[in-house]
Amino acid sequence: MPGKWTALTTQPPFDPSTMLLLMDGTVICNVSNGQSWWKLTPDSGGSYINGTWSQIASMKNARLYYASAILADGRVFVAGGEYNGGDSGVELDAAEIYDPVLDQWSDLPTPGWGHVGDAPCCVLADGRLLMGDISSPQAAVWDPVPNKWTPTGPKNDACSEETWTLLPDGSVLTAECTNHPKAERYLPWSNEWLSAGSIPADHDLVESASIEIGPALLMPDGNVFAIGATGYTAIYTPDADPAKPGVWTAGPPFENLRQAKDAPACLLPNGRVLCTVGTAAVGENYPGPTYFYEFDGASLVKVNDPQNAADTGAGPYDSRLLLVPTGDVFFAKSGQIWAYTPDAASGRPDPSWLPVISSSPLVVAPGASYPIVGSQLTGLSQAVSYGDDAAMATNYPIFRVDVAGAVFYARTSAMSDMGVARGTSFKQSCQVTFPSSLPTGNAKLSVIANGIQSQAMPVSISTMPAPPFDLATLNILRNGLKSGPLWLVDRHGPSPLLLHGDPPRPDAQKIEAEVRQIYSDLIASYGRLSE
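Residues numbered from 1 in each chain as written. Predicted model: local features only at pLDDT ≥ 70, side-chain atom pairs only at ≥ 80, totals over all residues. Heavy atoms only, no water.

### Description of the overall build of the protein chain
Summing up its helical and strand segments, the protein chain has two helices and 41 strands in all. Of all 531 residues assigned to the protein chain, the portion counted as buried reaches 56%. If you take every contact in the protein chain between residues at least 6 apart in sequence, the share linking residues at least 24 apart comes to 57%. About 20,600 Å² of surface is accessible on the protein chain, with carbon and sulfur atoms providing 53% of the total. (Helix = DSSP H or I, 4+ residues; strand = E, 2+ residues; numbered from the N terminus. Buried < 20%, exposed > 50% of the residue type's maximum accessible area, 1.4 Å probe, protein only. Contact = heavy atoms within 4.5 Å. Areas by Shrake-Rupley, 256 points an atom, 1.4 Å probe, with all protein chains shown as cover.)

### Thoughts on the side chain of arginine 258
Examined against the element boundaries, arginine 258 turns out to sit in the loop between strand 21 (247-250) and strand 22 (265-267). Judged by its relative accessible area of 13%, arginine 258 is buried. Separated by 2.7 Å, the side chains of arginine 258 and tyrosine 293 make a polar contact. Those residues in contact with arginine 258 that sit more than four places away from it in its chain are Gly231, Val277, Gly278, Tyr291, Tyr293 and Lys302. (Polar contact = N/O pair within 3.5 Å; in protein donor to acceptor, adjacent residues only side chain to side chain.)

### A word on the pattern of salt bridges
In total, this model carries 15 salt bridges according to the counting rule given. Close ionic contact of aspartate 107 with lysine 60 constitutes a salt bridge, the shortest N to O distance being 3.2 Å. Pair noted here: aspartate 107 is in strand 9 (residues 104-108) and lysine 60 is in the loop between strand 5 (52-56) and strand 6 (67-70), with a separation of 47 residues, a long-range link. Looking at lysine 60, the relative accessible area reads 49%, which means it is partly exposed. The closest approach of N and O atoms between arginine 128 and aspartate 126, which form a salt bridge, is 2.9 Å. Relative accessible area serves as the criterion here: at 21%, arginine 128 is assigned to the partly exposed category. Each of Lys155, Asp157, Glu162 and Glu184 takes part in salt bridges that share partners, so that together they form one network. (Salt bridge = Lys/Arg side-chain N within 4 Å of Asp/Glu carboxyl O.)

Spelled out as structure tokens, the structure:
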């Protein structure tokens, strides 16, 4: 069943372009071909459709069609720009980084190619960033810690127009655009590029006249669904041995061979892919309107198109998709943003896909930070793909707090790992800072990865200090208060609290019951205790 489109209640007061989901749950959006950025904050119920806009700090350089990413520490990376505020291409050679906490942009070095332009990029599993040269077979890896670029081994072709997809083993897949239908993979552990076979010749994904291609997304089954600028699709199955090329097979074609010539796609929480394509055309022609389909793993199913997709003069190349924590997908085009809500009848996330919180604090204080450990915190895929012109991956955790009838999102940072499809046995950790506006009381804590929400954990929001013991010890204390002996702990160590002397105090039972109740209430205030 097709999903439902809803216009944002408050449309952006600017022409929206690249959208990025920050690790605090807000969405930032660049003004098309400009320096300005705006932030969308969800409402008190957690709704992004009913969110409000506010302006944040502007970049130093205007940009359109550029490399972008959210880093493991929560900062925003941008580099290049095919355009720099004007109508003529410039292939801008400049990079910047945004700190959301300080609301501040700073300059970064570039790899030294003399241009960056609309370079493809990908955040690696270890938190470094891979970026390609649009004019040569060069690529480089940027390490945020020393703020340094390091060249990779030689690539098979120039990186221009390519779509890069992070795989579960940490390698990066790309279909070659200037040497199609070949494909290759980057192996970070050996810093080399190896062959990834070839796309079937009769399902080539690259249109020769424009050297364009569409998006490519890792699916929950471990295969990559790649969409072409030719009307064709292909599916890549990696080999268990990363040194081997893997296998490409033909996917279903779009009706009338509609093309994804620089077009966004998004992996929905139910495992389907929301695709955008435009009217078929040759060369540097990108006509609209924009058509939407869902790929269900076997077939392409036509779904409804939003009102802002009707522009016949421009196809999906000037649009963007972004998956938000509610599972809705934002579609930005023609000065508006509409949200796609997948139909529940099309399926829900498989329980095995859910992220899991395995270690978190019993009590959190408003404005304080805590380490949290879990599995599948980065999801099963980068989830959002466009290609070289706009990278908007969402493979990182967003922590949600439900308290006092309202929804709050905490801020994640210090991710230990940015890999995808890590499995439930692989532990990932991060630092989580809770909003200073949190009200005190009993709450529910959950984590969201690519629109898929974990089981909620009870947590207490309190200004009291956190207990100096773990959950197992807490349960022992709780159970001991029901029937075991009472102990007084002071600077001399523990000693039994004797209320039944010889002769016994007449009010001993009453005092003991009151002491037990006082300490039971105290421990219960530390959360996760239910009778």
